[in-house]
Amino acid sequence: MPEIILLCVSDRYYRGHPRIEIILSQIKFRFISNQKNPVQSNIISFNNPLGSETSEDTTKLPFTLQDLKAAIPAECFQPNVTKSIFYFFRDILIIGLLYAVAHYLDSWLFFPIFWLMQGTMFWALFVVGHDCGHQSFSKHKWLNDLIGHLSHTPILVPYHGWRISHRTHHKNTGNIDNDESWYPVSESQYKEMPLAQKIGRYYLFLLAYPVYLFKRSPNKEGSHFLPSSSLFKPSEKWDVLTSTVLLIGMVGLLGFLTYQWGWMWLLKYYAVPYLVFIVWLDLVTFLHHTEPELPWYRGEDWTFLKGAISSIDRDYGLVNHIHHDIGTHVAHHIFLNIPHYNLLKATEAIKPVMGEYFHKSEEPIWKSVWNSCINCHFVSDTGSKVYYTSNNKLAKD
């Protein structure tokens with residue numbers, strides 16, 4: 001069967017740079033001969049891993065997904081299994097050493113230091129599992145799922161349940177209607193929100209993650225532990241069950257150890273570090289997407305690329321390397337298959353292309369949290385592109 005492939009090449013994205021960036025969009029027309037109908041199929045394929053980006057973006061952004069991909073060195077997209085496994089075992093080793101030191105000293109003078117350090121390492125281990133969930137830990141799904149469970153189950157995160165809902169978040173980032181995590185409520189929803197929910201969302205948000213696992217986000221329903229949840233497809237039933245059963249096993253292990261050594265053991269060696277981990281997780285993910293200058297979109301004005309760049313990089317100082325540079329978040333949202341150890345290099349590569357569209361905060365983390373807390377409460381009920389507004393607006397009205 002004869003086949004004709006038409007390649008459309010355009011240089012209309014030239015913006016006066018020293019060298020013209022040629023954007024290739026491969027539009028394939030397959031003509032299959034037959035006596036009755038010489039043209040049986042007409043296949044159009046765009047180079048987009050999530051299938052969400054359209055040519056509409058070329059009229060609204062001064063760059064495309066292909067522009068950004070071309071700027072990043074090819075090796076940034078390739079996972080290095082040796083590096084990935086090194087970071088996993090590094091975190092496990094540090095966690096083990098911290099437990100050994102805490103057990104040896106058994107001092108209330110050391111426990112507060114232990115809690116902070118161990119909770120931070122729980123968070124670092126979560127980020128390793130985060131790479132596994134994006135299949136950027138390695139090219140082998142079985143290895144990604146194995147390490148993902150080994151990373152997440154000990155810290156009471158259902159790996160597959162989280163992986164699937166997190167995938168939804170990445171596919172719909174910046175979309176008010178379809179995003180899964182830390183999306184804004186509208187002004188009318190804010191006014192109708194019960195007081196208890198407001199307290200939980202705006203004042204106790206650093207403890208929100210366990211609630212999210214069981215009940216999902218505001219105005220949405222579903223448990224990360226039940227295959228029947230609207231979060232999952234029927235084909236994902238056994239993945240969800242596997243993670244839930246393993247997590248129940250971990251709870252059972254903690255219960256057995258508590259029976260053997262008492263509630264004080266659970267408090268000192270697990271419960272408090274777990275709470276520190278939850279605070280880290282909620283703090284970092286909240287700051288990824290909660291910022292007055294970040295736009296949110298409704299309806300047809302949203303596209304994958306516009307949503308992906310509606311995130312912000314933040315500097316966590318000494319913690320950057322410990323938690324695997326997860327604060328380097330813009331590049332991660334654009335290309336979620338880049339391993340964490342390549343994000344810094346990829347970020348530096350896309351900055352010149354993105355220009356003013358690249359968001360980065362130089363504020364101290366405590367100040368960013370405060371600013372987002374007092375300025376980011378809801379968005380307008382109308383408009384296809386909106387920004388967070390403070391509840392001070394309601395007081396003035």
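Small disclaimer: the values here were computed from a predicted structure and weren't measured.

Turning next to the overall build of the protein. Across its full length, the protein carries 16 helices and six strands. Sequence separation of 24 or more characterises 67% of the internal contacts of the protein that already satisfy a separation of 6 or more. Summing over all exposed atoms, the protein offers an accessible surface of approximately 20100 Å²; the carbon and sulfur share of this is 63%.

A few words now on the pattern of salt bridges. By the definition in use, this model includes eleven salt bridges. Lys-268 is the salt-bridge partner of Asp-106, the closest N and O atoms lying 3.3 Å from each other. In this pair, Asp-106 is assigned in the loop between helix H2 (81-105) and helix H3 (111-133) and Lys-268 in helix H10 (residues 263-289), connecting sequence segments 162 residues apart. The exposure class assigned to Asp-106 is partly exposed, which follows from its relative accessible area of 44%. On the basis of relative accessibility, which here comes to 11%, the residue Lys-268 falls in the buried class. Linking Glu-291 and Arg-314 is a salt bridge whose minimum nitrogen-to-oxygen distance equals 2.8 Å. Highlighted residues: Glu-291 in the loop between H10 and strand E3 (296-297) and Arg-314 in strand E4 (residues 313-314), separated in sequence by 23 residues.

Here we take up the UniProt feature "transmembrane region" (unreviewed entry) in the protein. As annotated by UniProt and renumbered to match this structure, "transmembrane region" (unreviewed entry) occupies residues 85-102, 108-129, 240-261 and 267-288. With 100% helix and 0% strand, residues 85-102 has its two end C-alpha atoms placed 26 Å apart. Here residues 267-288 runs as 100% helix and 0% strand, with 30 Å between its end C-alpha atoms.

A few words now on the nonpolar core. Ranked by internal contacts, the top residues of the largest apolar core, which has 55 residues, are Phe-114, Trp-123, Phe-126, Tyr-209, Tyr-270, Phe-277 and Trp-280. Membership of the second largest hydrophobic core comes to 24 residues, among which are Ile-72, Ile-309, Val-330 and Ala-346.

An α-helical turn contains 3.6 residues, so a residue and the one three or four places further along point in the same direction. Compared with the 36 Å implied by 1.5 Å per residue over 25 residues, the 36 Å span of helix H9 (residues 237-261) between its first and last C-alpha is a close match. The set of residues buried in H9 consists of Val-240, Ser-243, Thr-244, Leu-247, Met-250, Leu-254, Leu-257 and Thr-258. The inward-facing, buried residues of H9 contact helix H4 (141-152), helix H5 (159-171) and H10.

The next subject is unusual backbone geometry. Here Gln-135, not a glycine, exhibits a phi torsion of approximately 60 degrees, which is positive. As for its placement among the helices and strands, Gln-135 is situated in the loop between H3 and H4.

Here we take up the packing of aromatic side chains. Both the distance between ring centres and the angle between the ring planes are used here to describe each pair of aromatic rings. Counted according to the given criterion, the structure contains 31 aromatic pairs. A ring pair is formed by Phe-86 and Tyr-87, whose centres lie 5.3 Å apart and whose planes are at 65 degrees; its orientation type is edge-to-face. Here Lys-198 stacks its cationic end above the ring of Tyr-190, 4.2 Å away from the centre of that ring.

Confidence in the prediction of the protein, expressed as mean pLDDT, is 86, and 84% of residues score 70 or more. Here residues 1-59 scores under 50 on pLDDT; set against residues more than four positions off or in separate chains, the count is 76 contacts.

Here we take up the side chain of Thr-328. Structurally, Thr-328 can be placed in the loop between helix H12 (319-322) and helix H13 (330-334). The exposure class of Thr-328 is buried, given its relative accessible area of 8%. Those residues in contact with Thr-328, other than ones at most four positions away along the chain, are Asp-313, Leu-343, Leu-344 and Thr-347.

Structurally, His-149 is set in helix H4. A distance of 2.9 Å separates a polar side-chain atom of His-149 from the backbone oxygen of Asp-145. For His-149, the contacting residues outside a window of four places in its chain are Pro-154, Tyr-159, His-160, Thr-242, Ser-243 and Leu-246.

Here we take up the packing of H5 against H9. As a packed pair, H5 and H9 sit with axes 6 Å apart at the nearest point and diverge in direction by 130 degrees. Judged on the interaxial angle alone, H9 and H5 are oblique. Residues Tyr-159, His-160, Gly-161, Arg-163 and Ile-164 of H5 form the contact with H9, whose own contacting residues are Asp-239, Val-240 and Ser-243. Per-class residue counts for the contact of H5 with H9 are three nonpolar, three polar and two charged.

This paragraph deals with the environment of Val-185. By secondary structure assignment, the location of Val-185 is in the loop between H5 and helix H6 (187-192). Judged by its relative accessible area of 1%, Val-185 falls in the buried class. Sequence spacing of Val-185 and Cys-376 is 191 residues, and the spatial spacing of their C-alpha atoms is 10.0 Å. Filtering out sequence-adjacent residues up to four positions away, Val-185 remains in contact with Tyr-190, Met-193, Arg-201, Tyr-202, Asn-219, His-377, Phe-378 and Val-379.

What follows covers the environment of Pro-352. Examined against the element boundaries, Pro-352 turns out to sit in helix H14 (residues 343-354). With relative accessibility at 62%, the residue Pro-352 sits in the exposed group. When the C-alpha atoms of Pro-352 and Leu-68 are compared, they prove to be 9.6 Å apart, with 284 residues separating the residues in sequence.

Taking 1.5 Å of rise per residue, the 23 residues of H3 would be expected to cover 33 Å, and the 32 Å separating its terminal C-alpha atoms lies within 8% of that figure. Among the 23 residues in H3, 19 count as buried, and that is most of the element. Looking one or two residues beyond H3, the residue adopting positive phi is Gln-135, at roughly 60 degrees.

Conventions adopted
- Residues numbered from 1 in each chain as written.
- Predicted model: local features only at pLDDT ≥ 70, side-chain atom pairs only at ≥ 80, totals over all residues.
- Heavy atoms only, no water.
- Helix = DSSP H or I, 4+ residues; strand = E, 2+ residues; numbered from the N terminus.
- Contact = heavy atoms within 4.5 Å.
- Areas by Shrake-Rupley, 256 points an atom, 1.4 Å probe, with all protein chains shown as cover.
- Salt bridge = Lys/Arg side-chain N within 4 Å of Asp/Glu carboxyl O.
- Buried < 20%, exposed > 50% of the residue type's maximum accessible area, 1.4 Å probe, protein only.
- UniProt positions renumbered as here; feature names shortened; annotations may be inferred.
- Core = buried A, V, L, I, M, F, W, Y, C linked by side-chain atoms within 4.5 Å.
- Expected span 1.5 Å × (residues − 1).
- Phe/Tyr/Trp six-rings, centres within 6.5 Å; stacked < 30°, edge-to-face > 60°.
- Lys NZ or Arg CZ within 6 Å of the ring centre and 35° of its normal.
- pLDDT = per-residue confidence, 0-100.
- Polar contact = N/O pair within 3.5 Å; in protein donor to acceptor, adjacent residues only side chain to side chain.
- Axes fitted to C-alpha atoms, helices over the stretch in contact; angles between N-to-C directions.
- Parallel < 35°, antiparallel > 145°, perpendicular 65-115°, else oblique.
- Nonpolar A, V, L, I, M, F, W, Y, C, P; charged D, E, K, R; others polar.

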